[in-house]
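So the chains spell out like this:
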Amino acid sequence: MYLTKQFRCVTVTRRNMLNFIWDTWRWMFPPSPLPPGPRGLPVVGALPYLGSDVTGTLETWAREYGPVFSANFGSRPVVFLNGFDVIKEALVTRRSEFSGRPYLYSIHRVFKGKGIHSVDYGPCWRHQRQFTEKLMYEENLESIIQRESRHLSDRIQTFGGRPFDPAKLMNVAAANIMCSVLFGERYDFDNEDIQRLLSLISDALKLANGAFNFIWIARFFPSARRFDALADEILKTVEKIVKPQLDSYDPTKTRHFLDAYMHKIHQSPHSDTFNTDQLMSVVLDVILAGSQNATTMMKWCLLYLATHQDVQTTVYSELQQVLENNPLSYNLRPQLPYTEATVLEVIRRNTGRFPLGASHATTCDVTFRGYVIPKSTYVSVNLNSVFMDEKLWPEPMKFRPQRFLAESGEVKEPEYFMPFGLGDRSCMGEGIARRELFTFVASLVNAFHWKFPEEKPGPNLQEKVYAPPQFEVCAVPRRQ
Ligand code: HEM
């Protein structure tokens, strides 16, 4: 026992030594004429230079080195793509070369190379995505989203206009849409299992971009250990939620996505592509991507509506006129252009806040804009560089829904409005997210007047924060 321990210790120390030599070597002799960028330090690379305003630092580097630059994160080069033309060229024109996903310790710890989002470009990713996407959009999304939006309004009504923190309610509502699509189930807002899963996911996401993805030694730090523990708990909780659905599987029935996936597994029982591990990862992928992004945007929507009372009044008067004779539906969008423009402007203003943007990887050695980028290099798509580009969006920091309205009054979406990404890896849930945000905003503004409590004014929205701050809001019912 003692000897085994000692042997393990020697192996770990030797591996660490080799890692250190490799990191220093890569720092001294970068692998190819990569795009220019800050040189950084041995072992940690440019990470210490990012500072607390990461988006600001990336902007400065793009100005200094150009729209395609690189920086070492740890010993690992990351290539940053900035500006719409560069991003479109990479993700659309050169899609097959830029549609990989980088290996990240945190993501791999949870998904183990399975699911959709983190799977590298290739047949396995394609099969999972095509199968899932087709079935998701066959579900009756309109009625699922309408039903959830009614449950949400009913719950908010119970606060009777008193201050409350909407974060958890929004999160469960968004997750319920995903669970309804996947296995026909919605959960009560107080359900412990779903609350636990969502809080574990949110805690894990706060750590997921940690230095331990880039610096091997940081994997021994407490934050990495905490991430590992969260990852294990997330997997256990998803299993607990999905198990009753799997136990009630009947091969003669197709009740929902999960049944259809199980049929597929039974058709080819030894398939690497369709098996229960893949299924669990797809379910987690959809719940995670679907609930987290949509919740974040809904929180921003409420923050902007409560801050910009003039915008809220205009949205409400448009809704009043149209909904007087029609029940709310996504098909009413052409009659509700200001409402839709408001949602689009919230998305534009806040999409780029997350500094590392969409993570891609090169699928082969690539020559791009005069630089050589080796296979499997981490490529970070800087969405902030598009949404804060003054040439595309005059006064980009200002919240102005009119940007999305043509002179005729109709909604106009320019090509460079790309919050769901571009190319083969663009968001699989875009259609769901657009429906959900529009329906939630329209129904919540139609039912309630949103304002901050007098004793707790709202946060400053101009501040450079990566995620919506915690806040309380009053939803005063418009009708008794
Ligand atoms: C406002 C809400 C949402 C936003 C802003 C958003 C945004 C994005 C972005 C920027 C990407 C990465 C694109 C890239 O890598 O270039 C992405 C990928 C993805 N999103 Fe969304 N998303 C939202 C909602 C959803 C929903 C509701 C789902 C549920 C199905 C979803 C599922 C996915 C999946 C599975 C991927 C990975 C696609 C792939 O790698 O092939 N997202 N999303």
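Residues numbered from 1 in each chain as written. Predicted model: local features only at pLDDT ≥ 70, side-chain atom pairs only at ≥ 80, totals over all residues. Heavy atoms only, no water.

Naming follows an unreviewed UniProt entry, where the protein appears as Vitamin D 25-hydroxylase of Lingula anatina. The protein has a UniProt comment under Cofactor (unreviewed entry) that states "heme". (UniProt positions renumbered as here; feature names shortened; annotations may be inferred.)

Asker: Sorry, what's going on with the domain arrangement of the protein here?
Answerer: Frequently, the measure chosen for interface size is the accessible area removed from exposure when the parts meet. For the protein, the assigned domains are domain 1 (1-82) and domain 2 (83-477). The partner domain 2 presents 32 residues to the 32 residues of domain 1 that form the contact. Buried surface at the junction of domain 1 and domain 2, summed over both partners, amounts to about 2,600 Å²; 66% is from carbon and sulfur atoms. Summed over the three residues of domain 1 that lose the most area to domain 2, namely Arg76, Leu81 and Asn82, the buried surface amounts to 27% of that side. Between domain 1 and domain 2 we count 1 salt bridge in total. Between Lys464 and Asp53 there is a salt bridge; the shortest N-O distance is 3.6 Å. For the pair domain 1 and domain 2, the interface holds 8 residue pairs in polar contact (both at pLDDT 80 or more). With 7 residues, the top contributor of residues to the side of domain 1 that touches domain 2 is strand S2 (residues 76-82). (Domains from an automatic or database assignment. Contact = heavy atoms within 4.5 Å. Buried area = accessible area lost by both parts, 1.4 Å probe. Salt bridge = Lys/Arg side-chain N within 4 Å of Asp/Glu carboxyl O. Polar contact = N/O pair within 3.5 Å; in protein donor to acceptor, adjacent residues only side chain to side chain. Helix = DSSP H or I, 4+ residues; strand = E, 2+ residues; numbered from the N terminus.)

Asker: Sorry, what's going on with the site of the ligand here?
Answerer: Close to the ligand lie 24 residues; Arg101, Trp125, Arg129, His360 and Cys427 are nearest. Take His360: an N or O atom from its side chain is 2.7 Å from an oxygen atom of the ligand. Side-chain polar atom of Arg425 to an oxygen atom of the ligand: 3.0 Å apart, as the coordinates give it. Going through the elements one at a time, helix H6 (123-138), helix H12 (276-307), strand S3 (358-361) and helix H16 (430-447) are the ones with two or more residues in the shell around the ligand. Broken down by element, the shell around the ligand gets its largest block of residues, 6 residues, from H12. (Near = heavy atom within 4 Å.)

Asker: So what exactly am I meant to see when it comes to the packing of H12 against helix H14 (residues 337-351) here?
Answerer: In helix packing, the relevant descriptors are the interaxial angle and the interaxial distance, both defined with respect to the helix axes. For the pair H12 and H14, interaxial distance at closest approach is 10 Å and the crossing angle is 110°. The pairing of H12 with H14 is recorded here as roughly perpendicular in orientation. Between H12 and H14, the residues in contact are Met297, Trp300, Cys301, Tyr304 and Leu305 and Thr342, Val346, Ile347, Arg349, Asn350 and Thr351, respectively. Split by residue class, the contact of H12 with H14 holds 7 nonpolar, 3 polar and 1 charged. (Axes fitted to C-alpha atoms, helices over the stretch in contact; angles between N-to-C directions. Parallel < 35°, antiparallel > 145°, perpendicular 65-115°, else oblique. Nonpolar A, V, L, I, M, F, W, Y, C, P; charged D, E, K, R; others polar.)

Asker: Explain the coordination of the iron atom of the ligand here, please?
Answerer: In an ideal tetrahedron of four donors about a metal, each angle is 109.5 degrees. In an ideal octahedron of six donors, the angles are 90 or 180 degrees. For the iron atom of the ligand, the protein supplies a single donor, Cys427 (SG), at a distance of 2.3 Å. When you line up the elements, Cys427 lands in the loop between helix H15 (384-387) and H16. (Donors = N, O, S within 2.8 Å, 3.2 Å for Na, K, Ca; no water.)

Asker: Help me understand the pattern of salt bridges in this model?
Answerer: If charged atoms from side chains of opposite charge come close, those side chains can pair. Under the criterion given, the structure shown has 29 salt bridges. Between Lys206 and Asp203 there is a salt bridge; the shortest N-O distance is 3.8 Å. You can see Lys206 and its partner Asp203 sitting in helix H9 (residues 192-208), 3 residues apart, about one turn around the helix. Given a relative accessible area of 27%, Asp203 falls into the partly exposed group. (Buried < 20%, exposed > 50% of the residue type's maximum accessible area, 1.4 Å probe, protein only.)

Asker: Looking at this model, I keep getting lost on the nonpolar core. Mind explaining?
Answerer: Note that soluble globular proteins tend to have their nonpolar side chains buried in a common cluster. Formed by 143 residues in total, the largest nonpolar core has its most connected members in Leu81, Leu152, Ile156, Phe183, Val283, Phe368 and Trp450. Sort the elements by how many residues they give to this core and H12 lands first, with 15 residues. Mapped onto the domain boundaries, this core takes at least three residues apiece from domain 1 (1-82) and domain 2 (83-477). Ignoring anything within four residues of it in the chain, the contact list for Trp450 reads Ile156, Phe164, Leu302, Ala306, Gln309, Gln312, Leu444, Val445, Val473, Cys474 and Ala475. (Core = buried A, V, L, I, M, F, W, Y, C linked by side-chain atoms within 4.5 Å.)

Asker: Teacher, can you tell me more about the state of the cysteines here?
Answerer: What we call a disulfide is simply a covalent bond connecting the sulfur atoms of a pair of cysteines. Inspection of every chain in the model, using the stated rule, returns 0 disulfides. Looking at Cys301, it has no disulfide partner, and the nearest cysteine sulfur is the one in Cys427, 15 Å off. You can call Cys301 buried: its relative accessible area is 2%. No disulfide involves Cys364; its nearest neighbouring cysteine sulfur is the one of Cys124, lying 20 Å away. (Disulfide = S-S within 2.5 Å.)

Asker: So what exactly am I meant to see when it comes to the pairing of strand S6 (residues 378-382) here?
Answerer: The element S6 is largely enclosed, with a buried count of 5 among its 5 residues. Burial of S6 is two-sided: the residues Tyr378, Ser380 and Asn382 facing one way and the residues Val379 and Val381 facing the other way are all buried. Pairing between S2 and S6: 5 bridges, direction parallel. Looking across to S6, one finds that Leu81 is bridged to Val381. Both S3 and S6 contribute to a ladder of 4 bridges, which runs antiparallel. (Pairing = 2+ DSSP bridges.)

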